[in-house]
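Residue-level structural notes
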Amino acid sequence: MRNEIFDAVPKNTSWFDAVFVKGKSTPLTFKNNRIYSVNESENSGFGVRVNIEGKTGFSFTNDPSGIAGTVKRATASVPYGEIEKFKIPSDTVKTFDPYDEGITSFNPASEIERAGKFIREIESAFPSISVDMSVSSSTGSFRLINSKGVDLEYHESFYSVSASCSYVMKGGVKIDTWESLSDLKPTDYKHLSSLLINRIERSLTIEKLNSGKYPVILPPAATARFIGIIASGLNGQGVWKGVSPLADKIGEKIFNEAFSIIDDPFIPGSPYTAPFDGEGINPVRRHLIKKGVVEGYIVDLKYANKLGIEPTGNAARSYSSLPSPSFNGITMDPGDSSFHDMIKGIDKGIVAEQFIGLGQSNTLNGDFSANLDLAFLVENGEIKGRLKDCMISGNVYDLMKSDIKTSREMERKGSYLLPYIYLDGVSFTS
Amino acid sequence: MADNFFQALENGRKIISSISCEYADIRLSVSESTGISLSKESVESVTSGESVGGSVRILKNGSWGFATFNNLSSLEKYFDSALKAAMMVNAVEKSVVSKSEGIKASFVTPAIRDFDSVSLDEKFELINSYNRMLMSSDKIQTTHAAYRDVNTSYAYLNSEGADLFFDKSYCGISLMSVAKSGNIVQPFHESISGFGGFELVLDKINLAEKVVKTSVDLLSAEPLPGGKYSVILDPKLSGVFIHEAFGHLSEADFVHENPRMKEIMELGRDFGPEILNVYDEGDRPELSGYIPFDDEGVLPASTALITKGVLSGRLHSRETACKMDEELTGNARAIGVMRQPIVRMTNTYIDNGTSTKDEIFDAVDEGIYAVDVIGGQTNLEMFTFTAGYGHIIKNGKSGKMFKDVILSGNVFNTLKNIKMIGNDKEMFGGLGGCGKGGQSPLPVSFGGPHMLVEDVLIGGK
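A brief structural summary. As the structure is a computational prediction, the values presented were derived from the model and not from experiment.

1. Looking at the pattern of salt bridges
If you walk through the whole model with that rule in mind, you get 44 salt bridges over all chains. With a shortest N-O distance of 3.2 Å, Lys94(A) and Asp97(A) are connected by a salt bridge. Note on Asp97(A): relative accessible area 29%, which makes it partly exposed. Across the salt bridge formed by Arg318(B) and Glu160(B), the nearest N and O atoms sit 3.1 Å from each other. Taken as a pair, Arg318(B) in helix α7 (residues 318-324) and Glu160(B) in the loop between β5 (140-158) and β6 (163-181) lie far apart in primary sequence, 158 residues in all. According to the relative accessible area criterion, Arg318(B) is buried, its value standing at 0%. A single network of salt bridges, built from pairs that share partners, joins Asp17(A), Arg49(A), Glu279(A) and Arg317(A).

Structure representation (structure tokens):
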């Protein structure tokens, strides 16, 4: 492949880089409490960037015989590119494969049986419930080739389970809730059923709370949704364009001391890790916000160059797209309190688990306004029943400045490893 | 690439006629796409690419096996793997499908200017001219102007003898200006798309002008205080409302195996006032949700979902129609050949009522005129959707502009709270689309006339 690319690029090429990805997966789909379909999926793709005298062109294909033609198309789009001054790396190293041999033990028949048991356990608590599940195993490889001599490939394995429950109460009130888990190899997920059952049980009682300002506790999965809004403000692309509230704020204390954001490429157990990014930069674990102070951004080569900073190893890249800055993994520094302590300290407040429409406000500014899809009343230090037909709104930047607490417990959800967060004085409308 | 495709198609015809199962289909596609993305003074990307793909789906002994691939030269292998996958399961409750006539037909998108014949220079210059308009105020911090076209040859075969081909051309633009003043950053966005040629995206400078003006106007707008309001929805919001709040409920896969949802969604049940009529129509070639046939080889229909306020129909795949013993509607759709079809909307709208826009405004002493849309989401009971902006209404007159107009509520109560329906229906589609079951974006369109809804919850400080 390397030679094929070299043969196809024009003589005056300044540099090129190409990615070749391959993958195979076996997703099992369960609908309405039963196995619905067994899938076998195969795909591969090739994308190439060609730079001639500073300008870059790009093209992609997933036709295995189409490499030379793709290089030609990329070359043809070069004149439309703008002058880019960054340099591609020559010293990329591969230190590990995000692959676990255990993935080979994935057995569809026994996974179907295991999922069946899982569903029956939930069904035994709520006979009319509808459970959809997906259990999937995949393996693949990512190969990066560039004109500076890099030609490296890593192998990946990925196992994931997601279970989504929909329960309609008499009278039509609907409870939807879900849990998921991911790993490098097949893993036990029995404990998810009791989480789901308990959450649904608690939702059967509907509580009332008057409009006003209340403390809100976000469990880790909900924390991820809120942190995502600030994390997007740390993206070098938005910083360079001047639309991020965190542009030009390096060294400034913007948030509460308890607030931090870390780009972590090596979250333990996470299958979302890679030895090098889409352009061949080796990533490191970095604080972007530490004790409320902005310390850095995430960039790819292009935005590192535009912002005049070092590349950070955050170039996300599929075969069919140009690289762009993206988090490797998001985590925070844990706090001192426990979730239990947070609840104990509340007279009247809310535990907010799931939202409808959270990302539809002007998130560039940090604004949010969301219906509480699933949330619970906290009263006199105890979690009570469900709050319904209500919204919370505010600004994430303002809230993280105010009196927040983070828990010492941390949970991993996908590429996030996050604590519970206690927010003070959130606007609630019912 | 095309040679491979037609060889695979010929091969697929042979295999599918010999397979022993309840039902099987093959979908194959090859496509070529061009994308141009500009941001203020920079060129983010100019991309061309090609994709090939295929899938085989087999229903055997009541279980589905599904294989997807991008190597069209060994179809037999994927047939085997789909068949083995289906036979791996010993289904207790079996999947079944409604049968239809095996249709043989070929469709092509009517295009005035085929974008194959348009140079990259001309495409670039067009989107660049819109981008210049998006930058045309000194309050603009950044812009995003994107052009995309896709030419796809799509073939569908099934074990009933269906042999369908669609040569489709789809293109669109997406335009955004981000205005900034002090710490306030204010984006506004519009997008259009559809099936056709380059003519679809020509002469849209007015759209870019509206985008830049609205983003600048919104800089000085205040957020709307939270509370309950009487709201007039503009045609675009009426469309998003009916798509989000009701359309997803009418997708039968949410209902067909869920006894309590079946009770809620019983045909004949009162859903709204007598003036409310809602349709889904896949057979409208001029709209972004057009399909000449669905991804199970079924011809699309005009389905009356609500007639005079009463639930009168729902959207089906072969499986849900069979399970519920209802007619096929042609609503099984996938975002590409490598995904399984699921029940989806096409072009969904609230039909015209009898009121004029003026009559609707005259009926409101105090309320909000909610205009344009940023997004919408539902869990089939509650919904949230965000208007682009709003104006306060006092004594029938539209006044001061507000931003952050985020409407939320219970689907069923809100439908019942529709008080007046206008006679000025419009349809909308864009380069984005609808998301469900991890499949996004699926091209759809939605629309309706101006509409008055009472007691709508708006979130705010």
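2. Re the interface of chain A and chain B
Every contact between the two is made by 71 residues of chain A and, on the other side, 79 residues of chain B. A buried area of about 6000 Å², summed over both sides, lies between chain A and chain B, and 48% of it is on carbon and sulfur atoms. It is Arg34(A), Tyr80(A) and Gln360(A) in chain A that bury the most area against chain B; as a group they hold 13% of the surface buried on that side. Linking chain A with chain B are six salt bridges. For the salt bridge of Arg73(A) with Glu50(B), the shortest nitrogen-to-oxygen distance reads 3.3 Å. Linking chain A with chain B are 44 residue pairs in polar contact (both at pLDDT 80 or more), by the criterion used here. Its residues assigned to classes, the side of chain A that touches chain B shows 25 nonpolar, 29 polar and 17 charged.

3. Comments concerning the pairing of strand β24 (residues 445-448) of chain B
Residues and elements named next belong to chain B. Burial of β24 is two-sided: the residues Ser445 and Gly447 facing one way and the residues Phe446 and Gly448 facing the other way are all buried. Where strand β15 (residues 347-350) meets β24, three bridges bridge the pair, whose relative direction is parallel. In the sheet register, Thr348 faces β24, and the bridge partner there is Phe446. As judged from the three bridges shared by strand β21 (residues 426-428) and β24, these two strands associate in the antiparallel manner. Residue pairing across strands places Glu426 opposite Gly448, the latter belonging to β24.

4. Digging into a negative patch on the surface
All names here are of chain B. Taken together, the side chains of Glu32, Asp114, Asp116 and Asp167 make up a negatively charged region of the molecular surface. Along the polypeptide, Glu32 turns up in strand β1 (residues 23-39). Taking relative accessible area as the criterion, Glu32 reaches 45% and is therefore assigned partly exposed.

Calculation rules
- Residue positions are given per chain, counting from 1 as you read along its sequence in written order.
- For naming, the first written chain is A and the first written ligand is 1, with later ones following in the order written.
- In view of the model being predicted, local features appear only for residues whose pLDDT reaches at least 70, and side-chain atom pairs are presented and counted only at 80 or more, with totals across whole chains, interfaces and linings using the full set of residues.
- Hydrogens and water molecules were not included; the side-chain quantities draw on all heavy atoms of the structure.
- A pair is scored as a salt bridge if a Lys or Arg side-chain nitrogen falls within 4 Å of a carboxyl oxygen belonging to Asp or Glu.
- Only protein chains enter the accessibility calculation, which uses a 1.4 Å probe; a residue is then buried when its area is under 20% of its type maximum, exposed when over 50%, and partly exposed in between.
- Comment: elements are numbered from the N terminus, with helices defined as DSSP H or I runs of at least four residues and strands as E runs of at least two.
- Here, residues are in contact when the closest pair of their heavy atoms is within 4.5 Å.
- A 1.4 Å probe defines the accessible area here, and the buried area is the portion of it lost by two parts on being joined, summed over both.
- Nitrogen and oxygen atoms within 3.5 Å of one another constitute a polar contact, given that in protein one can donate a hydrogen and the other can accept it, and given that sequence-neighbouring residues count only through two side-chain atoms.
- Only Asp, Glu, Lys and Arg are considered charged, only Ala, Val, Leu, Ile, Met, Phe, Trp, Tyr, Cys and Pro nonpolar, and every remaining residue, Gly among them, polar.
- When DSSP finds at least two bridges between two strands, those strands are taken to pair.
- Patch construction takes residues with relative accessible area above 30% that form no salt bridge. Like charges are linked within 9 Å, and nonpolar side chains (Val, Leu, Ile, Met, Phe, Trp, Tyr) are linked within 5 Å.
- Each accessible area is a Shrake-Rupley estimate made with a 1.4 Å probe; only the visible protein chains count as cover when residues are assessed.
- In this tally, Lys and Arg are treated as positive and Asp and Glu as negative; His is ignored, and so are the chain termini.
- To locate a charge, take NZ of a lysine, CZ of an arginine, CG of an aspartate or CD of a glutamate.

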